[in-house]
Amino acid sequence: ALARVKEISKSAQWKLCVELADLAKRDNAVAHARIYYQLGAQLNGTEAKAWLEWAKMEEESGKLDYCEQILAEGLKHCGANSESLVLRALRILVSRDKIQEARQLLGSILAQNETAVRAYNFAENSSQWPRKSSCTASSFPKRHCHGCA
């Protein structure tokens, strides 16, 4: 199947790889799915779907450290333009009690675009987000996620 991928247009190659990965995942062929997701992400690194689906699979497989790495790499390639990548990364970090890392991620993307505003609202309204009495997030705007300002 991989040999045939080169015969289709470049814009469709990454989509085909993601579809093949989904099929492999459904068949519990996680190792094959991992290869296809990785190839899809390499073929079009700025498309968030390959990164997101790959990270979901790793999360479902219990490989949360690897899931975090994939999301971080996806955010490097896609930037904060992918709301789904940003929100999944925040959710994973918060669920693993990596609050400082989540704040750092959020602080690094807040100024970039509208996606940052949606991610900020998610963090502000998240019931999992711990509230603190003193602010430690100096890179945040005037009203911080934990209500100190």
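Please refer to the structure placed before this passage.
Every value quoted in this text rests on a predicted model; they were computed, and no experiment measured them. (Residues numbered from 1 in each chain as written. Predicted model: local features only at pLDDT ≥ 70, side-chain atom pairs only at ≥ 80, totals over all residues. Heavy atoms only, no water.)

## Describing the pattern of salt bridges
Here comes step 1: All chains considered together, the criterion is met by 9 salt bridges.
Here comes step 2: For the salt bridge of R34 with E58, the shortest nitrogen-to-oxygen distance reads 2.6 Å. Taken together, the residues R34 in helix α3 (residues 30–43) and E58 in helix α4 (residues 48–60) connect sequence positions 24 residues apart.
Here comes step 3: With a closest N to O distance of 2.6 Å, R88 and E59 form a salt bridge. (Salt bridge = Lys/Arg side-chain N within 4 Å of Asp/Glu carboxyl O. Helix = DSSP H or I, 4+ residues; strand = E, 2+ residues; numbered from the N terminus.)

## Some remarks on the environment of K15
Here comes step 1: Within the secondary structure, K15 is located in helix α2 (residues 10–26).
Here comes step 2: Measuring from C-alpha to C-alpha, the distance between K15 and A41 comes to 9.6 Å, with 26 residues separating the pair along the chain.

## Observations regarding unusual backbone geometry
Here comes step 1: Of note in this structure, N28 is not a glycine but carries a positive phi near 60°.
Here comes step 2: Tracing the chain through its elements places N28 in the loop between α2 and α3.
Here comes step 3: The class for N28 is exposed, based on a relative accessible area of 67%.
Here comes step 4: In this structure, D97 is a non-glycine residue whose phi angle is positive, near 60°.
Here comes step 5: Relative to the elements of secondary structure, D97 occurs in the loop between α6 (83–95) and α7 (99–109). (Buried < 20%, exposed > 50% of the residue type's maximum accessible area, 1.4 Å probe, protein only.)

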